[in-house]
Amino acid sequence: MNPIDQPTIDRYPTSLRVLHWVRAVLVLGLLWAGWHMTGMNDEVASKFELYYPWHKSFGVLTFLVVLTQLAVRFRTPNLPQPLETLAGYERFLSRLIQRAMYVLLVIVPLMGYSMSSTFTMSDGVFFFGVNLPELLPKNDDWFVVFQWLHKVLAYSLLVLIVLHVAGALKHRFYDRDPRNDVLRRML
């Protein structure tokens, strides 16, 4: 059989695959909830009683999942590298988008936490019923800055996610060389 017909699957370890998909579900849920709740009228009780507290709790959870994922990545030798069968620009874009996503996956929740810490009307950040310490003093001027950063960086993360998914789908369904199917590595 021709080697092109039997692509080698260089998969990520199970722990990283599970963390990847858990993180993906959490991040997409947070992006949807953030978009939905900020579009709600302030008179809707569930906006502040349900959406904001749950968004904060799941935001902290996602941050912890990302930190765990990064720790596992740093402790795991010989992770799969971008495939040599991909064009040079595709390998470059793959690394760039992946690294930028990790940076934003850390910074976006930190900006959200900073928002909640600095807003004078905030009850703080709750993590599934546990009140976490506020690390910054109340200051509505800083709140506006953190709010803007949280929003802009979250939308930037969404753009990177779309590019990430589009790239994986392109390699799976459009590329003629089945060895380019990078999605297999994460399934």
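Residues numbered from 1 in each chain as written. Predicted model: local features only at pLDDT ≥ 70, side-chain atom pairs only at ≥ 80, totals over all residues. Heavy atoms only, no water.

Condition: UniProt positions are given in the numbering used here, feature names are shortened, and annotations may be inferred rather than shown by experiment.
Identification of the protein chain as Cytochrome b from Pseudomonas veronii is taken from an unreviewed UniProt entry. Quoted verbatim from the Subcellular location (unreviewed entry) field of UniProt, the annotation for the protein chain is "Cell membrane". Taken directly from UniProt, the Cofactor (unreviewed entry) text for the protein chain runs: "heme b".

## Comments concerning helix α4 (residues 140-173)
To keep it simple, the criterion reads: Secondary structure counts use DSSP, requiring at least four H or I residues in a row for a helix and at least two E residues in a row for a strand, with both numbered from the N terminus. Here, expected helix span is obtained from the residue count minus one, scaled by 1.5 Å. Partly exposed residues are those whose accessible area sits between 20% and 50% of the maximum for their type, while under 20% is buried and over 50% is exposed, using a 1.4 Å probe and protein chains only. The contact criterion used throughout is that any non-hydrogen atoms of two residues lie within 4.5 Å.
Across its 34 residues, α4 extends 49 Å between first and last C-alpha, which sits within 8% of the 50 Å expected from 1.5 Å per residue. Taken together, the buried positions of α4 are occupied by Phe143, Phe146, His150, Leu153, Ala154, Leu157, Leu160, Ile161, Ala168 and His171. On its buried face, α4 sits against α1 (14-38), α2 (45-75) and α3 (88-118).

## Re the packing of α1 against α2
Keep this limit in mind: Helix axes use the C-alpha atoms of the stretch in contact, all axes being lines fitted to C-alpha atoms, and the angles between their N-to-C directions lie in the range 0 to 180 degrees. In what follows, roughly perpendicular refers to angles from 65 to 115 degrees, roughly parallel to angles under 35, roughly antiparallel to angles over 145, and oblique to any angle outside these ranges. If you view the pair so one helix is near and one far, a crossing is left-handed when the near helix is turned anticlockwise from the far one by less than a right angle, and right-handed when it is turned clockwise. Under the grouping applied here, Gly and all other residues not named as nonpolar or charged are polar, the nonpolar ones being Ala, Val, Leu, Ile, Met, Phe, Trp, Tyr, Cys and Pro and the charged ones Asp, Glu, Lys and Arg.
Here α1 crosses α2 at 155°, and the two axes come no closer than 9 Å. With respect to α2, the element α1 is oriented roughly antiparallel. Regarding α1 and α2, the two cross each other, and that crossing is left-handed. For the contact of α1 with α2, the residue count by class is 15 nonpolar, 10 polar and three charged.

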